[in-house]
Amino acid sequence: MDRMEELGFRSETDRQIFREAAAPVELSPFGLHSGMFVPTLERQGTPEQSRKWVPLGKSFKMIGTYAQTELGHGTFIRGLETTATFDPETQEFILDSPTLSSIKYWPGNVAKTVNHCLVMAQLYTQGKCHGTHLFLVQVRNMEDHTIMPGLEIGDIGPKLGFDGVDNGFMRFNKYRIPRMNMLMRYAKVLENGDYIKPKNAKLTYGAMVMIRVFIVMDAFKTLSRAAVIAVRYSAVRRQSELRPGGEEAQVMDYQTQQYKLFPLLATSYAFLLAAEGMSQIYAKISSDIERGNLEDMPQLHALACGLKAFCTWVACEGIEVCRMSCGGHGYSHASGIPKIYANIVGACTYEGENTVMMLQTARYLSKCYIRGQRGESLPELIQYLTTDLNVKSTLGEDCSFESLVAAYSHRAARMVAVACKLQQTNKKKGMAGHDAWNKSTVPFIAATKAHCHLFIVRNFVTILSQKKIDPATHNVLSQLCTLYAVYGIVENMGEFMQDGYFNQDQVSILNRKVLALLEDIRPNAVALVDAFDYPDHLLQSCLGRYDGQVYEALYEYSKSSPLNNTDIHSSYYNYIRPMMQKRSESKNISAKL
Ligand SMILES: CCCCC/C=C\C/C=C\C/C=C\CCC(=O)SCCNC(=O)CCNC(=O)[C@H](O)C(C)(C)COP(=O)(O)OP(=O)(O)OC[C@H]1O[C@@H](n2cnc3c(N)ncnc32)[C@H](O)[C@@H]1OP(=O)(O)O
Ligand SMILES: Cc1cc2nc3c(=O)[nH]c(=O)nc-3n(C[C@H](O)[C@H](O)[C@H](O)COP(=O)(O)OP(=O)(O)OC[C@H]3O[C@@H](n4cnc5c(N)ncnc54)[C@H](O)[C@@H]3O)c2cc1C
């Protein structure tokens, strides 16, 4: 903290980058404090509450987390069972965990680290429930860090990853907090217990939208780090003869290795630009919301949900491809890739389970489709829904950006229409609205993935056409953009061809183009990963070292294994030797020996 002050890091982005560089292997136990707790106090508290609490949070005099999920509910926030009941006599809220399933479970750093929590609970006042609201709750004594009376707190135990985060459980037993500890920027409870409702009940969910936007950048960071390691290693690793009798080839010269890695390199660049685009959209719409203009809130929610789900799913699949492309050494922690995967794969679940998030976007697309069919105006990002689906592709040998974006627009528009028509058919068959929806959600998930894919391709193309970039760099980035788009078509050809949008010749053009682009990118592959400029300290990888001294690093890493601290391990004396002695005492075995 002090070091960041000394270095003059003021923006949260710079601070986040510094924190990651300082703690590259394990996630910081203060990630949720800085990433969620303090920003939520800023955005969901009244000006007075923010003035009081934000400086304490930023100076780490108060360390907090975000405690929403319970044993029985994570996705369905309206189903949360923790209660906060207003007591006008004492001007307090009484927090309680009325059932086993209401115990807060998963909140990061709640087990041992934090002394405060933002708790999401069902608000009761004057005998009426007003839904979920956020409350600032002190959970440990500020003098000696002991757990406050009326609370049971503990760690939930080992997890797949996230080892630097002490995810915990927390149970309230009629725990009292001051009335003014309810975050009251949007909703209020007056001294007499009257409830003042917010302009929109979902304003309380704002913190989740913000984190989903951050997670799109996390998807870029983690995928690009794995790509740096795998591409650099593929340049160093020589295996097998590409030419009979010749020297062993760099594995990066195998077309299959290029087909594994170069599209992921292109995806890393695409996700970086998408994360920046998403952040810009978030900054604009969230500032509108803070000024009371909620018009674009549904669009922001839908985009944040969809991109968070799409990018984390693709990143996790891609990181696994990077690991496997490094052969046996990729499976070792020496590669650094298993830790990258274990830490980011949770993002497919936290901050909104990906399927659920995609369905939120799908709901929005379904409503926009209906508005489009009525001829109503649609937000710019959704206007493709009114694309004329009878039009065929004009794609030529050059695979122009225009023809690629048109292909992605057509695919998404067609798939959203298919899902919406199924939903409408279900209704015409007499299904209730919720059944008609549920029985069309599989095609809606596919359509929403296509919608997100279009956003990323179009964003990449737009930036290349708008930003001033020197010709040489522009040429390489254009190759990456084309590879990202063409590879996405080749890998999902059925969705692009189902209505005959491409003809056979165009399919052949695309299959040839993706292989040609691998050769175009090969000479620049290492430079393109070096461009991310990740220091070795951050990658923590023997395979992805900048100096390429892989085998020396692996040998040193192995020698440092704790198992090598003694030549003979105690297990020999405790188990192996007694077992062998027992065996050697029996006649038939000893005779053979
Ligand atoms: C390098 C590795 C990475 C390191 C990262 C480190 C740190 C990063 C920081 C944090 C990550 C770590 C921990 C994660 C913390 C958490 O997980 S906190 C808990 C997160 N939990 C969730 O996200 C819960 C997900 N559930 C929901 O969001 C909602 O409940 C739901 C899914 C939207 C369903 O809600 P429901 O009440 O049923 O709503 P319904 O579907 O009926 O929608 C009603 C209308 O409300 C609109 N809406 C819903 N949510 C929002 C929103 N957030 N904003 C705006 N609008 C919203 C929805 O669209 C509906 O509108 P209609 O017009 O009626 O369609
Ligand atoms: C690493 C990690 C860190 C976390 N940190 C925190 C934290 O700091 N604070 C916090 O409050 N929480 C935290 N969580 C909890 C996390 O937010 C929840 O696990 C997440 O929101 C998913 O909810 P769930 O567990 O109830 O999953 P569920 O919703 O029970 O998911 C189970 C299955 O049900 C499906 N499903 C559920 N609802 C629907 C639906 N409507 N339609 C279709 N399918 C559906 C899902 O797709 C999924 O396949 C963390 C979780 C993890 C893994």
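Residues numbered from 1 in each chain as written. Chains lettered and ligands numbered in written order. Predicted model: local features only at pLDDT ≥ 70, side-chain atom pairs only at ≥ 80, totals over all residues. Heavy atoms only, no water.

(A) A look at the overall build of the protein. Secondary structure summary: the protein contains 21 helices and 13 strands in total. Over its C-alpha atoms the protein spans a radius of gyration of 28 Å, differing by no more than 12% from the 25 Å that the globule rule assigns to 593 residues. Counting only C-alpha atoms and orienting by the principal axes, one finds that the protein spans roughly 90 × 80 × 60 Å. Of all 593 residues assigned to the protein, the portion counted as buried reaches 49%. Residue pairs at least 24 apart in sequence account for 72% of intrachain contacts in the protein once pairs closer than 6 positions are excluded. Summing over all exposed atoms, the protein offers an accessible surface of approximately 28200 Å²; the carbon and sulfur share of this is 55%. Considering the protein, the positive charge centre built from 63 side chains and the negative charge centre built from 59 side chains are found 5 Å apart. (Helix = DSSP H or I, 4+ residues; strand = E, 2+ residues; numbered from the N terminus. Rg over C-alpha atoms; globule rule 2.2 N^0.38 Å. Buried < 20%, exposed > 50% of the residue type's maximum accessible area, 1.4 Å probe, protein only. Contact = heavy atoms within 4.5 Å. Areas by Shrake-Rupley, 256 points an atom, 1.4 Å probe, with all protein chains shown as cover. Lys, Arg positive; Asp, Glu negative; His and termini not counted. Charge placed at Lys NZ, Arg CZ, Asp CG, Glu CD.)

(B) Looking closely at the site of ligand 1. The immediate surroundings of ligand 1 are formed by 30 residues, with Thr75, Arg78, Arg212, Gln360 and Lys367 found nearest. Arginine 212 has a polar side-chain atom sitting 2.8 Å from an oxygen atom of ligand 1. Between ligand 1 and arginine 363, the relevant distance is 2.9 Å, taken from an oxygen atom to a side-chain nitrogen or oxygen of the residue. Computed on the free molecule, ligand 1 has an accessible area of 1300 Å², of which 81% lies beneath the protein chains in the complex. When contributions to the shell around ligand 1 are tallied by element, the ones reaching two or more residues are α3 (31–44), α5 (206–236), α7 (297–324) and α10 (354–373). For the shell around ligand 1, the element with the most residues is α5, which contributes six residues. Its residues placed into classes, the shell around ligand 1 shows 14 nonpolar, nine polar and seven charged. Both of domain 1 (2–198) and domain 2 (208–377 + 398–528) provide at least three residues apiece to the shell around ligand 1. (Near = heavy atom within 4 Å. Polar contact = N/O pair within 3.5 Å; in protein donor to acceptor, adjacent residues only side chain to side chain. Nonpolar A, V, L, I, M, F, W, Y, C, P; charged D, E, K, R; others polar. Domains from an automatic or database assignment.)

(C) Looking closely at α7. Over its 28 residues, α7 runs 41 Å from end to end, which matches the ideal 40 Å to within 8%, given 1.5 Å per residue. For α7, the buried fraction is high: 20 of the 28 residues fall into the buried class. (Expected span 1.5 Å × (residues − 1).)

(D) Geometry of a positive patch on the surface. On the surface, Arg78, Lys202, Arg363 and Lys367 cluster together to form a positively charged patch. Examined against the element boundaries, arginine 78 turns out to sit in the loop between β1 (64–67) and β2 (83–87). (Patch = residues over 30% accessible without salt bridge, like charges linked within 9 Å, V, L, I, M, F, W, Y side chains within 5 Å. Salt bridge = Lys/Arg side-chain N within 4 Å of Asp/Glu carboxyl O.)

(E) A look at the domain arrangement of the protein. Parsing the protein into structural domains produces domain 1 (2–198) and domain 2 (208–377 + 398–528). Taken over C-alpha atoms, the centre of domain 1 sits 33 Å from the centre of domain 2. In this assembly, 19 residues from domain 1 lie in contact with 17 residues from domain 2. Together domain 1 and domain 2 conceal approximately 1400 Å² of surface at their shared face, both sides included; 56% is due to carbon and sulfur atoms. When the area that domain 1 buries against domain 2 is broken down by residue, the three leading residues are Met36, Arg43 and Phe162, summing to 29%. Linking domain 1 with domain 2 are three salt bridges, by the criterion used here. Of the charged contacts in the structure, one is a salt bridge between lysine 339 and glutamate 26, with a shortest N-O distance of 2.6 Å. Along the contact surface separating domain 1 from domain 2 lie four residue pairs in polar contact (both at pLDDT 80 or more). When residues of the side of domain 1 that touches domain 2 are traced back to their parent elements, those giving at least two are α2 (12–22) and α3. (Buried area = accessible area lost by both parts, 1.4 Å probe.)

(F) Fine view of the packing of aromatic side chains. Here the structure, examined in full by the defined rule, presents 15 aromatic pairs. Look at tyrosine 572 and tyrosine 573: their rings are 5.3 Å apart centre to centre, the planes differ by 80°, and that puts the pair in the edge-to-face class. Taking relative accessible area as the criterion, tyrosine 573 reaches 40% and is therefore assigned partly exposed. If you follow arginine 225 out to its NZ or CZ, it ends over the ring of tyrosine 534, 5.0 Å from the centre. Above the face of the tryptophan 313 ring, lysine 449 is positioned so that its terminal group lies 4.8 Å from the ring centre. (Phe/Tyr/Trp six-rings, centres within 6.5 Å; stacked < 30°, edge-to-face > 60°. Lys NZ or Arg CZ within 6 Å of the ring centre and 35° of its normal.)

(G) Region of interest: the side chain of threonine 83. In this structure, threonine 83 sits in strand β2. Relative accessible area serves as the criterion here: at 15%, threonine 83 is assigned to the buried category. Setting aside chain neighbours within four positions, we find threonine 83 in contact with Ile94, Leu95, Asp96, Pro98, Ala121, Gln122 and Tyr124.

(H) Focus on the site of ligand 2. Lining the immediate surroundings of ligand 2 are 19 residues, of which Tyr66, Thr69, Thr75, Gly108 and Glu353 lie closest. Here a nitrogen atom of ligand 2 and a side-chain polar atom of threonine 69 are 2.7 Å apart. For ligand 2, an oxygen atom lies 2.5 Å from a polar atom in the side chain of threonine 75. Protein chains shield 62% of the accessible area of ligand 2, which is 970 Å² for the free molecule. In terms of residues, the shell around ligand 2 owes the most to one element, α10, which gives three residues. Here the shell around ligand 2 is composed, by residue class, of eight nonpolar, nine polar and two charged.

(I) Highlighting the nonpolar core. Residues Leu41, Phe271, Ile456, Leu480, Ile489, Phe502 and Leu510 are the most contacted members of the largest nonpolar core, which totals 145 residues. With 17 residues, α5 is the single largest residue contributor to this core. Summarising the domain contributions, this core has at least three residues from each of domain 1 (2–198) and domain 2 (208–377 + 398–528). The next biggest cluster of nonpolar side chains, apart from the first, holds 26 residues, and it includes Phe86, Leu123, Ile153 and Met182. (Core = buried A, V, L, I, M, F, W, Y, C linked by side-chain atoms within 4.5 Å.)

(J) Up close: the sheet that holds strand β8 (residues 168–172). Ordered in space as β4-β8-β7, the three strands form an open sheet in which the pairing is antiparallel. Two strands bound the open sheet, and with one partner strand each, they are β4 (104–105) and β7 (151–155). Sheet analysis places β7 next to β8, joined by five bridges and oriented antiparallel. In the sheet register, aspartate 155 faces β8, and the bridge partner there is glycine 168. (Pairing = 2+ DSSP bridges.)

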